[in-house]
Amino acid sequence: MSNDFLKDFEGIVDSGSRDEFLLRQLDPAAIPSHIAIIMDGNGRWAARRSLPRVAGHRAGAESVRATVEAAARLGIRYLTLYAFSTENWKRPRLEVEALMALLIEFIRKEVATLKENNIRFQTIGRDERLDSVVMREIDRARRETAACTGLQLNVALNYSGRCEIVEACRRLVTEALVRNQNPEDITEHDIERNLFTAGLPDPDLLIRTSGEMRVSNFLLWQIAYSEIYVTEKLWPDFRRADLFEAIIDFQKRDRRYGDIKPAKTEPLVANMK
Ligand code: FPP
(Lines give C-alpha, C1' and ligand atoms only; values in the text may rest on other atoms or scores of the structure.)
Protein backbone atom coordinates (compact mmCIF):
# COMPACT_ATOMS: atom_id res chain seq x y z
CA MET A 1 0.00 0.00 0.00
CA SER A 2 1.83 3.10 -1.19
CA ASN A 3 -0.29 6.21 -0.65
CA ASP A 4 -2.23 7.33 2.42
CA PHE A 5 -5.57 6.83 0.70
CA LEU A 6 -4.99 3.09 0.69
CA LYS A 7 -4.79 3.32 4.49
CA ASP A 8 -7.96 5.47 4.62
CA PHE A 9 -9.83 2.83 2.59
CA GLU A 10 -8.32 -0.19 4.34
CA GLY A 11 -10.90 -2.89 4.98
CA ILE A 12 -13.22 -1.28 2.41
CA VAL A 13 -11.24 -1.56 -0.78
CA ASP A 14 -10.08 -5.06 -1.71
CA SER A 15 -6.51 -5.72 -2.64
CA GLY A 16 -6.18 -6.13 -6.41
CA SER A 17 -9.57 -4.50 -7.04
CA ARG A 18 -10.32 -1.70 -9.52
CA ASP A 19 -10.93 0.62 -6.54
CA GLU A 20 -7.40 -0.05 -5.34
CA PHE A 21 -5.94 0.39 -8.83
CA LEU A 22 -7.66 3.81 -9.09
CA LEU A 23 -6.77 4.89 -5.57
CA ARG A 24 -3.10 4.32 -6.38
CA GLN A 25 -3.39 6.81 -9.24
CA LEU A 26 -4.77 9.62 -7.07
CA ASP A 27 -2.40 12.41 -6.18
CA PRO A 28 -3.07 13.27 -2.51
CA ALA A 29 -1.58 16.74 -3.07
CA ALA A 30 -4.15 17.68 -5.72
CA ILE A 31 -7.46 16.55 -4.25
CA PRO A 32 -10.23 19.03 -5.15
CA SER A 33 -11.44 20.99 -2.18
CA HIS A 34 -15.04 21.28 -3.40
CA ILE A 35 -16.88 18.82 -5.65
CA ALA A 36 -20.41 19.50 -6.90
CA ILE A 37 -22.52 16.77 -8.50
CA ILE A 38 -25.57 16.90 -10.76
CA MET A 39 -27.07 13.51 -9.95
CA ASP A 40 -28.92 12.61 -13.13
CA GLY A 41 -30.37 9.47 -14.68
CA ASN A 42 -32.48 7.98 -11.89
CA GLY A 43 -35.57 7.83 -14.11
CA ARG A 44 -33.69 6.18 -17.01
CA TRP A 45 -32.11 3.67 -14.62
CA ALA A 46 -35.58 2.68 -13.45
CA ALA A 47 -37.06 2.64 -16.97
CA ARG A 48 -34.33 0.25 -18.18
CA ARG A 49 -35.48 -2.16 -15.49
CA SER A 50 -39.20 -1.56 -16.07
CA LEU A 51 -39.43 -0.13 -12.57
CA PRO A 52 -41.26 3.00 -11.41
CA ARG A 53 -39.15 6.20 -11.43
CA VAL A 54 -39.20 6.23 -7.64
CA ALA A 55 -37.16 3.00 -7.63
CA GLY A 56 -34.45 4.93 -9.49
CA HIS A 57 -34.45 7.66 -6.85
CA ARG A 58 -34.27 5.05 -4.09
CA ALA A 59 -31.27 3.41 -5.77
CA GLY A 60 -29.83 6.92 -6.21
CA ALA A 61 -29.96 7.48 -2.45
CA GLU A 62 -27.56 4.51 -2.09
CA SER A 63 -25.16 6.26 -4.50
CA VAL A 64 -25.41 9.37 -2.32
CA ARG A 65 -24.40 7.32 0.73
CA ALA A 66 -21.44 5.69 -1.09
CA THR A 67 -20.25 8.99 -2.57
CA VAL A 68 -20.42 10.87 0.73
CA GLU A 69 -18.42 8.13 2.43
CA ALA A 70 -15.75 8.07 -0.28
CA ALA A 71 -15.50 11.89 -0.36
CA ALA A 72 -15.03 12.00 3.41
CA ARG A 73 -12.31 9.33 3.30
CA LEU A 74 -10.50 11.24 0.54
CA GLY A 75 -10.45 14.37 2.70
CA ILE A 76 -12.58 16.43 0.34
CA ARG A 77 -13.74 19.54 2.23
CA TYR A 78 -17.08 20.23 0.49
CA LEU A 79 -19.47 18.04 -1.47
CA THR A 80 -22.55 19.72 -2.97
CA LEU A 81 -25.28 17.45 -4.36
CA TYR A 82 -28.15 18.66 -6.56
CA ALA A 83 -31.09 16.79 -5.05
CA PHE A 84 -34.10 18.92 -6.00
CA SER A 85 -34.36 21.98 -8.21
CA THR A 86 -37.10 24.61 -8.09
CA GLU A 87 -38.15 23.23 -11.51
CA ASN A 88 -38.61 19.74 -10.02
CA TRP A 89 -41.90 20.89 -8.42
CA LYS A 90 -43.37 20.42 -11.93
CA ARG A 91 -42.97 16.64 -11.60
CA PRO A 92 -45.97 14.48 -10.65
CA ARG A 93 -47.02 15.02 -7.03
CA LEU A 94 -46.27 11.39 -6.10
CA GLU A 95 -42.70 11.65 -7.41
CA VAL A 96 -42.11 14.90 -5.50
CA GLU A 97 -43.48 13.31 -2.33
CA ALA A 98 -41.30 10.24 -2.83
CA LEU A 99 -38.18 12.42 -3.25
CA MET A 100 -38.97 14.32 -0.05
CA ALA A 101 -39.65 11.03 1.77
CA LEU A 102 -36.28 9.69 0.60
CA LEU A 103 -34.53 12.76 1.92
CA ILE A 104 -36.24 12.37 5.29
CA GLU A 105 -35.33 8.68 5.34
CA PHE A 106 -31.72 9.47 4.42
CA ILE A 107 -31.41 11.99 7.25
CA ARG A 108 -33.08 9.72 9.81
CA LYS A 109 -30.88 6.78 8.88
CA GLU A 110 -27.61 8.58 8.30
CA VAL A 111 -27.37 11.52 10.66
CA ALA A 112 -25.67 9.49 13.41
CA THR A 113 -23.15 8.10 10.90
CA LEU A 114 -22.54 11.58 9.51
CA LYS A 115 -21.79 12.81 13.01
CA GLU A 116 -19.54 9.84 13.85
CA ASN A 117 -17.58 10.58 10.71
CA ASN A 118 -17.30 14.30 11.49
CA ILE A 119 -19.45 15.22 8.45
CA ARG A 120 -21.43 18.45 8.60
CA PHE A 121 -24.84 18.46 6.97
CA GLN A 122 -26.07 21.62 5.28
CA THR A 123 -28.62 22.53 2.64
CA ILE A 124 -28.61 25.24 0.01
CA GLY A 125 -31.79 26.53 -1.59
CA ARG A 126 -35.00 28.21 -0.51
CA ASP A 127 -36.81 26.84 2.54
CA GLU A 128 -40.20 28.05 1.25
CA ARG A 129 -42.53 25.32 -0.11
CA LEU A 130 -40.69 22.59 1.82
CA ASP A 131 -43.08 20.90 4.18
CA SER A 132 -42.70 21.08 7.93
CA VAL A 133 -41.53 17.45 8.39
CA VAL A 134 -38.77 17.95 5.81
CA MET A 135 -37.76 21.24 7.45
CA ARG A 136 -37.75 19.66 10.91
CA GLU A 137 -35.45 16.82 9.79
CA ILE A 138 -33.14 19.22 7.95
CA ASP A 139 -32.91 21.49 10.99
CA ARG A 140 -32.17 18.51 13.21
CA ALA A 141 -29.41 17.26 10.89
CA ARG A 142 -27.90 20.75 10.66
CA ARG A 143 -28.00 21.16 14.44
CA GLU A 144 -26.64 17.72 15.26
CA THR A 145 -23.71 18.02 12.89
CA ALA A 146 -23.03 21.73 13.40
CA ALA A 147 -19.76 21.12 15.26
CA CYS A 148 -18.38 18.64 12.71
CA THR A 149 -15.20 19.82 11.06
CA GLY A 150 -14.60 17.22 8.35
CA LEU A 151 -16.45 17.02 5.04
CA GLN A 152 -19.32 19.49 4.63
CA LEU A 153 -22.18 17.90 2.73
CA ASN A 154 -24.41 20.48 1.06
CA VAL A 155 -27.68 19.16 -0.29
CA ALA A 156 -29.16 21.54 -2.86
CA LEU A 157 -32.87 21.42 -2.23
CA ASN A 158 -35.47 23.64 -3.84
CA TYR A 159 -32.46 25.24 -5.51
CA SER A 160 -32.15 27.42 -8.61
CA GLY A 161 -28.94 29.16 -9.63
CA ARG A 162 -30.77 32.05 -11.33
CA CYS A 163 -33.10 32.63 -8.35
CA GLU A 164 -30.08 32.61 -6.07
CA ILE A 165 -28.44 35.39 -8.11
CA VAL A 166 -31.69 37.40 -8.30
CA GLU A 167 -32.07 37.18 -4.51
CA ALA A 168 -28.47 38.24 -3.99
CA CYS A 169 -29.10 41.28 -6.24
CA ARG A 170 -32.25 42.18 -4.31
CA ARG A 171 -30.39 42.11 -1.03
CA LEU A 172 -27.54 44.16 -2.47
CA VAL A 173 -29.87 46.81 -3.89
CA THR A 174 -31.71 47.07 -0.56
CA GLU A 175 -28.38 47.38 1.26
CA ALA A 176 -27.14 49.98 -1.23
CA LEU A 177 -30.30 52.08 -0.84
CA VAL A 178 -30.14 51.98 2.95
CA ARG A 179 -26.46 52.95 2.93
CA ASN A 180 -26.80 55.38 0.04
CA GLN A 181 -24.05 53.38 -1.64
CA ASN A 182 -22.60 54.05 -5.09
CA PRO A 183 -23.43 51.12 -7.50
CA GLU A 184 -19.79 51.30 -8.68
CA ASP A 185 -18.75 50.07 -5.24
CA ILE A 186 -20.52 46.73 -5.64
CA THR A 187 -17.98 43.95 -6.13
CA GLU A 188 -17.96 40.23 -6.97
CA HIS A 189 -17.35 39.58 -3.29
CA ASP A 190 -20.63 41.40 -2.45
CA ILE A 191 -22.51 39.02 -4.75
CA GLU A 192 -20.72 35.99 -3.30
CA ARG A 193 -21.50 36.87 0.28
CA ASN A 194 -25.20 36.98 -0.60
CA LEU A 195 -25.34 33.54 -2.22
CA PHE A 196 -26.44 30.36 -0.40
CA THR A 197 -22.81 29.26 -0.68
CA ALA A 198 -21.42 32.33 1.13
CA GLY A 199 -18.14 31.41 2.75
CA LEU A 200 -17.58 28.25 0.67
CA PRO A 201 -14.92 28.03 -2.01
CA ASP A 202 -16.23 27.62 -5.57
CA PRO A 203 -16.39 24.00 -6.79
CA ASP A 204 -13.13 22.85 -8.34
CA LEU A 205 -14.91 20.01 -10.07
CA LEU A 206 -18.49 19.67 -11.32
CA ILE A 207 -19.55 16.10 -12.08
CA ARG A 208 -22.68 15.28 -14.07
CA THR A 209 -23.95 11.76 -14.55
CA SER A 210 -25.99 10.23 -17.40
CA GLY A 211 -24.05 11.87 -20.22
CA GLU A 212 -26.04 15.11 -20.50
CA MET A 213 -23.94 18.18 -21.37
CA ARG A 214 -25.91 20.75 -19.38
CA VAL A 215 -25.49 22.65 -16.14
CA SER A 216 -29.26 22.80 -15.47
CA ASN A 217 -29.35 26.00 -13.43
CA PHE A 218 -26.90 24.60 -10.85
CA LEU A 219 -24.42 26.91 -9.08
CA LEU A 220 -24.32 29.24 -12.09
CA TRP A 221 -22.16 31.87 -10.41
CA GLN A 222 -19.94 29.42 -8.54
CA ILE A 223 -18.91 27.18 -11.48
CA ALA A 224 -17.31 30.00 -13.48
CA TYR A 225 -13.93 28.24 -13.37
CA SER A 226 -14.92 24.72 -12.34
CA GLU A 227 -13.64 21.77 -14.32
CA ILE A 228 -16.58 19.83 -15.75
CA TYR A 229 -16.62 16.04 -15.90
CA VAL A 230 -19.50 14.19 -17.53
CA THR A 231 -19.87 10.45 -17.18
CA GLU A 232 -22.28 8.20 -19.07
CA LYS A 233 -22.98 6.33 -15.82
CA LEU A 234 -26.53 6.84 -14.52
CA TRP A 235 -26.57 8.18 -10.97
CA PRO A 236 -27.86 4.97 -9.31
CA ASP A 237 -24.83 3.14 -10.79
CA PHE A 238 -22.34 5.77 -9.56
CA ARG A 239 -19.96 4.36 -6.96
CA ARG A 240 -16.65 5.32 -5.34
CA ALA A 241 -14.66 4.07 -8.37
CA ASP A 242 -16.54 6.61 -10.51
CA LEU A 243 -15.64 9.37 -8.07
CA PHE A 244 -11.98 8.27 -8.17
CA GLU A 245 -12.07 8.30 -11.99
CA ALA A 246 -13.52 11.82 -12.04
CA ILE A 247 -10.80 13.06 -9.69
CA ILE A 248 -8.03 11.34 -11.67
CA ASP A 249 -9.35 13.09 -14.80
CA PHE A 250 -9.52 16.41 -12.89
CA GLN A 251 -5.91 15.98 -11.79
CA LYS A 252 -4.80 15.85 -15.45
CA ARG A 253 -6.40 19.20 -16.26
CA ASP A 254 -4.38 22.38 -16.63
CA ARG A 255 -6.36 25.04 -14.75
CA ARG A 256 -5.48 28.46 -16.11
CA TYR A 257 -8.28 30.77 -14.89
CA GLY A 258 -7.98 32.84 -18.07
CA ASP A 259 -4.20 33.16 -17.75
CA ILE A 260 -1.72 31.51 -20.11
CA LYS A 261 0.69 28.82 -19.08
CA PRO A 262 2.69 26.95 -21.72
CA ALA A 263 2.13 23.20 -21.49
CA LYS A 264 5.12 21.66 -19.69
CA THR A 265 5.85 19.14 -22.42
CA GLU A 266 5.68 21.47 -25.46
CA PRO A 267 8.68 23.64 -26.36
CA LEU A 268 7.78 27.33 -26.83
CA VAL A 269 9.44 27.37 -30.25
CA ALA A 270 9.50 24.07 -32.11
CA ASN A 271 12.49 22.70 -34.04
CA MET A 272 14.94 25.51 -33.20
CA LYS A 273 18.45 24.69 -34.34
C1 FPP B 1 -32.36 13.25 -11.47
O2 FPP B 1 -32.75 12.08 -12.12
C3 FPP B 1 -32.40 13.09 -10.03
C4 FPP B 1 -33.18 13.82 -9.19
C5 FPP B 1 -34.09 14.87 -9.67
C6 FPP B 1 -33.22 13.57 -7.75
C7 FPP B 1 -31.97 13.15 -7.05
C8 FPP B 1 -32.37 12.53 -5.78
C9 FPP B 1 -31.82 11.45 -5.20
C10 FPP B 1 -30.59 10.81 -5.67
C11 FPP B 1 -32.52 10.85 -4.03
C12 FPP B 1 -32.09 11.10 -2.67
C13 FPP B 1 -31.27 12.29 -2.38
C14 FPP B 1 -30.62 12.46 -1.21
C15 FPP B 1 -29.80 13.66 -0.99
C16 FPP B 1 -30.70 11.47 -0.14
P17 FPP B 1 -34.01 12.14 -13.12
O18 FPP B 1 -35.20 11.72 -12.35
O19 FPP B 1 -34.10 13.49 -13.75
O20 FPP B 1 -33.57 11.05 -14.15
P21 FPP B 1 -33.91 10.99 -15.71
O22 FPP B 1 -33.27 12.20 -16.35
O23 FPP B 1 -33.28 9.71 -16.15
O24 FPP B 1 -35.40 10.99 -15.83
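Residues numbered from 1 in each chain as written. Predicted model: local features only at pLDDT ≥ 70, side-chain atom pairs only at ≥ 80, totals over all residues. Heavy atoms only, no water.

Undergrad: Please clarify how the overall build of the chain should be interpreted in this entry.
TA: Looking only at helices and strands, one finds nine helices and six strands in the chain. Summarising its shape, the C-alpha atoms of the chain cover approximately 65 × 55 × 40 Å along the three principal directions. The burial tally for the chain puts 47% of its 273 residues in the buried class. Element-wise, carbon and sulfur atoms account for 51% of the exposed surface of the chain, whose accessible area totals about 14900 Å². Side-chain charges of the chain comprise 41 positive and 42 negative groups, with the mean position of each set lying 3 Å from the other. (Helix = DSSP H or I, 4+ residues; strand = E, 2+ residues; numbered from the N terminus. Buried < 20%, exposed > 50% of the residue type's maximum accessible area, 1.4 Å probe, protein only. Areas by Shrake-Rupley, 256 points an atom, 1.4 Å probe, with all protein chains shown as cover. Lys, Arg positive; Asp, Glu negative; His and termini not counted. Charge placed at Lys NZ, Arg CZ, Asp CG, Glu CD.)

Undergrad: How do you make sense of the side chain of Asn-88 when you look at a structure like this?
TA: Positionally, Asn-88 belongs in the loop between strand E2 (78–85) and helix H5 (93–116). Owing to a relative accessible area of 15%, Asn-88 belongs among the buried residues under this scheme. Those residues in contact with Asn-88 that sit more than four places away from it in its chain are Ala-83 and Val-96. (Contact = heavy atoms within 4.5 Å.)

Undergrad: It is not clear to me how helix H9 (residues 240–251) should be interpreted in this structure. Could you clarify?
TA: Helical geometry: 3.6 residues make up each α-helical turn, so side chains three or four residues apart lie on a common side. Taking 1.5 Å of rise per residue, the 12 residues of H9 would be expected to cover 16 Å, and the 16 Å separating its terminal C-alpha atoms lies within 8% of that figure. Among the residues of H9, those classed as buried are Ala-241, Asp-242, Leu-243, Phe-244, Ala-246, Ile-247, Ile-248 and Phe-250. Against helix H2 (18–25), strand E1 (34–38), helix H4 (53–74), strand E5 (205–208) and strand E6 (227–230) lie the buried residues of H9. (Expected span 1.5 Å × (residues − 1).)

Undergrad: How should the site of the ligand be read in this particular structure?
TA: Around the ligand, a shell composed of 16 residues is seen, among which Asp-40, Gly-43, Arg-44, Arg-53 and Arg-91 lie nearest. Arg-44 places a polar main-chain atom, nitrogen or oxygen, 2.7 Å from an oxygen atom of the ligand. Protein contacts shield 91% of the accessible area of the ligand, which totals 620 Å² for the unbound molecule. Judged by the fraction of its atoms near the pocket grid, the ligand is located in the largest pocket. At the level of elements, helix H3 (42–48), H4 and H5 are the ones that each hand at least two residues to the shell around the ligand. Class assignment of the residues belonging to the shell around the ligand gives a composition of six nonpolar, six polar and four charged. (Near = heavy atom within 4 Å. Polar contact = N/O pair within 3.5 Å; in protein donor to acceptor, adjacent residues only side chain to side chain. 1 Å grid on protein atoms, 1.4 Å probe; cavity = no way out; pocket = protein on both sides within 12 Å on 5 of 7 lines; lining within 4 Å. Sits in = over half its atoms within 2 Å of the grid points. Nonpolar A, V, L, I, M, F, W, Y, C, P; charged D, E, K, R; others polar.)

Undergrad: Sorry if this is basic, but what is going on with the pattern of salt bridges here?
TA: Side chains bearing opposite charge may pair, as long as their charged atoms lie close to each other. Inspection of the entire model under this criterion finds 32 salt bridges. Residue Arg-193 is joined to Glu-175 by a salt bridge in which the shortest nitrogen-to-oxygen separation is 2.7 Å. Placement of the pair is Arg-193 in the loop between helix H8 (188–192) and E5 and Glu-175 in helix H7 (residues 161–179), with a sequence separation of 18 residues. On the basis of relative accessible area, Arg-193 is assigned to the partly exposed category, the value being 36%. The partner of Glu-227 in a salt bridge is Arg-253, with the nearest N and O atoms 2.9 Å apart. Placement of the pair is Glu-227 in strand E6 and Arg-253 in the segment after H9, with a sequence separation of 26 residues. Counted as one network, the salt bridges with shared partners bring together Asp-40, Arg-44, Arg-208, Glu-212 and Arg-214. (Salt bridge = Lys/Arg side-chain N within 4 Å of Asp/Glu carboxyl O.)

Undergrad: I would appreciate a short explanation of the packing of H4 against H9 in the present structure.
TA: Contact pair H4 / H9: the axes reach a minimum separation of 9 Å and the direction vectors enclose 50°. One finds that H4 runs oblique with respect to H9. Handedness of the crossing formed by H4 with H9: right-handed. On H9, the residues that touch Thr-67, Ala-70, Ala-71 and Leu-74 of H4 are Arg-240, Leu-243, Phe-244 and Ile-247. Taken together, the residues that form the contact of H4 with H9 break down as six nonpolar, one polar and one charged. (Axes fitted to C-alpha atoms, helices over the stretch in contact; angles between N-to-C directions. Parallel < 35°, antiparallel > 145°, perpendicular 65-115°, else oblique. Left-handed = near helix turned anticlockwise from the far one by under 90°.)

Undergrad: So what exactly am I meant to see when it comes to the sheet that holds E2 here?
TA: Pairing between the strands of a sheet comes from backbone hydrogen bonds, and it takes one of two forms, parallel or antiparallel. If you walk across this open sheet you meet the six strands as E3-E4-E2-E1-E5-E6, and the pairing is parallel. The open sheet has two free edges, formed respectively by strand E3 (120–124) and E6, since each of these has just one partner strand. Going from strand to strand, the sheet's axes swing by 20° on average, the running direction of each strand aside. Where E1 meets E5, four bridges bridge the pair, whose relative direction is parallel. (Pairing = 2+ DSSP bridges.)

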